[in-house]
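# Per-entry structural report
Residue strings, one per chain:
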Protein chains: 2
Amino acid sequence: MDFDNILGFIAAAITTAAFIPQTYRSITTRDLSGISLGMYTAFTFGVFLWIIYGIRIGSGPILVANIITFGLSATILYLKIEHLRNSDQKYH
Amino acid sequence: MDFDNILGFIAAAITTAAFIPQTYRSITTRDLSGISLGMYTAFTFGVFLWIIYGIRIGSGPILVANIITFGLSATILYLKIEHLRNSDQKYH
């Protein structure tokens, strides 16, 4: 594997793993008021499209990274929706 | 451009644009307590690596999407650090 491929894998691993501390923080603190519903709705959907793209072009790294990201992003989205249902906060 | 390329561009556009509502929310509300410092530190650095990767492999879409994402992610990171400096909250 050449330098560029390694760089790409490291970049993918970091931007995927970055969602772990956010998911952990959201689960443990249930402090979701500053989290954007719009971001996690769009992001979760966008990552779902990346999964389809990864399947279609047969890219293992894209598929694996996005399946993990999907799980993390969907968890934050779920906690945000639960938070909104428990409050009368404006939806945005 | 074939279907797969279009799908990839749409996925990239959505996962990039998703950070706009989060940045807007963080700027307007300054409600950063639920935002993870670890996520935005790692994510901003990872996106920086994606920019270098995009330059090296000569991919315009990767470069453009990640420059935009970098600006949005770095803004949220800046607001989070500013928030932490204004509080005695535990760093995590």
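Definitions and limits used
- Every chain's residues receive numbers from 1 upward, in the order its sequence appears when written.
- Note on labels: chains are lettered from A, ligands numbered from 1, in written order.
- Whole-chain, interface and lining totals are the exception, using all residues; otherwise, since this is a predicted model, local features are given only for residues with pLDDT of at least 70 and side-chain atom pairs are given and counted only at 80 or more.
- As a convention, hydrogens and water are excluded, and side-chain values are obtained from all of the structure's heavy atoms.
- Under the scheme used here, helices are H or I runs from DSSP no shorter than 4 residues and strands are E runs no shorter than 2 residues, and both carry numbers assigned from the N terminus.
- Buried residues are those whose accessible area, probed at 1.4 Å on protein chains only, stays under 20% of the maximum for their type, while exposed residues exceed 50% and partly exposed ones sit between those limits.
- Whether two residues touch is decided by their heavy atoms; if any such pair falls within 4.5 Å, the residues are in contact.
- Superposition of the copies used a least-squares fit over C-alpha atoms from residues whose pLDDT is at least 70 in both.
- Nonpolar side chains (Val, Leu, Ile, Met, Phe, Trp, Tyr) are joined into patches within 5 Å and like charges within 9 Å, using only residues with over 30% relative accessible area and no salt bridge.
- Areas reported as accessible are Shrake-Rupley estimates using a 1.4 Å probe. Residue values count occlusion only from the protein chains shown.
- We define a salt bridge as a contact between a side-chain nitrogen of Lys or Arg and a carboxyl oxygen of Asp or Glu at a distance within 4 Å.
- UniProt positions are given in the numbering used here, feature names are shortened, and annotations may be inferred rather than shown by experiment.
- In this description, a line fitted to the C-alpha atoms serves as the axis of each element, helices being fitted only across the stretch in contact, and the angle between N-to-C directions of two axes falls anywhere from 0 to 180 degrees.
- The scheme is simple: roughly parallel for angles under 35 degrees, roughly antiparallel for over 145, roughly perpendicular for 65 to 115, oblique for anything else.
- The hand of a helix crossing depends on one turn: near helix anticlockwise from the far one by less than a right angle means left-handed, and clockwise means right-handed.
- Charged residues are taken to be Asp, Glu, Lys and Arg, nonpolar residues to be Ala, Val, Leu, Ile, Met, Phe, Trp, Tyr, Cys and Pro, and polar residues to be all remaining types, Gly included.
- A helix is expected to reach a length of 1.5 Å times the quantity of its residues less one.
- Residues adjacent in sequence count toward polar contacts only when both atoms are side-chain atoms; beyond that, a polar contact is any pair of N or O atoms within 3.5 Å, and within protein one must be able to donate a hydrogen and the other to accept it.

### Focus on the overall build of chain A
Of regular secondary structure, chain A possesses 4 helices and 0 strands. Mapped in sequence order, the helices and strands of chain A form the string α-α-α-α. For the C-alpha atoms alone, the extent of chain A along its principal axes is close to 50 × 25 × 15 Å. Out of the 92 residues belonging to chain A, those deemed buried represent 46%. Taking the contacts inside chain A whose residues are at least 6 apart along the sequence as the reference set, 67% of them involve residues at least 24 apart.

### Details of the relation of the copies chain B and chain A
The transformation that overlays chain B on chain A combines an axial shift of 0.0 Å with a rotation of 180°, and the residual RMSD is 0.0 Å. In symmetry terms, the pair is related by a two-fold rotation axis. Relative to the rotation axis, the C-alpha of B:Gly34 is the closest in chain B, positioned 2.8 Å from it. When the interface residues of chain B are mapped onto chain A, 100% of them are again interface residues, pointing to one common binding face.

### With respect to a nonpolar patch on the surface
A surface patch of nonpolar side chains, about 390 Å² in accessible area, is lined by A:Met1, A:Ile6, A:Phe9 and A:Ile10. By the secondary structure assignment, A:Ile10 is in helix H1 (residues 3-17).

### Structural notes on the UniProt feature "transmembrane region" (unreviewed entry) in chain A
Taking the UniProt record as the reference, the feature "transmembrane region" (unreviewed entry) is found at residues 6-24, 36-55 and 61-81 of chain A. Note that residues 36-55 of chain A is 95% helix and 0% strand, and that its end C-alpha atoms are spaced 29 Å apart.

### Some remarks on the environment of A:Ile20
Residue and element names in this part refer to chain A. On the secondary structure map, Ile20 appears in helix H2 (residues 19-29). Judged by relative accessible area, which is 48%, Ile20 ranks as partly exposed. Taking the C-alpha atoms as reference points, Ile20 and Thr41, 21 residues apart in sequence, are found 17 Å from one another.

### Looking at the packing of H2(A) against helix H4 (residues 60-85) of chain A
Residue and element names in this part refer to chain A. Between H2 and H4, the shortest axis-to-axis distance is 10 Å and the interhelical angle comes to 25°. Here H2 lies roughly parallel to H4, going by the angle between them. Along this stretch, H2 crosses H4, giving a crossing that reads as left-handed. Residues Phe19, Ile20, Gln22, Thr23, Ser26 and Ile27 of H2 touch H4, and the partners they reach there are Thr69, Leu72, Thr75, Ile76 and Leu79. Here the residues of the contact of H2 with H4 are counted per class, giving 6 nonpolar, 5 polar and no charged.

### Looking at the pattern of salt bridges
Scanning the model with the defined rule gives 4 salt bridges over all chains in all. With a closest N to O distance of 2.4 Å, A:Asp4 and B:Arg56 form a salt bridge. Taken together, the residues A:Asp4 in helix H1 and B:Arg56 in helix H3 (residues 37-57) connect one chain to another. Accessibility expressed as a relative area gives 17% for A:Asp4, which makes it buried. Judged by its relative accessible area of 46%, B:Arg56 is partly exposed. Between A:Arg30 and A:Glu82 there is a salt bridge whose closest N-O contact spans 2.9 Å.

### What to know about H4(A)
Residue and element names in this part refer to chain A. With 26 residues, H4 extends 37 Å from end C-alpha to end C-alpha; this agrees with the ideal 38 Å at 1.5 Å per step. Every buried residue belonging to H4 is among Ala65, Asn66, Thr69, Leu72, Ser73, Ile76, Leu77, Leu79, Lys80, His83 and Leu84, and all of these are buried. At the N-terminal boundary of H4, the capping side chain belongs to Ser59, with an oxygen 3.3 Å from the backbone nitrogen of Ile62.

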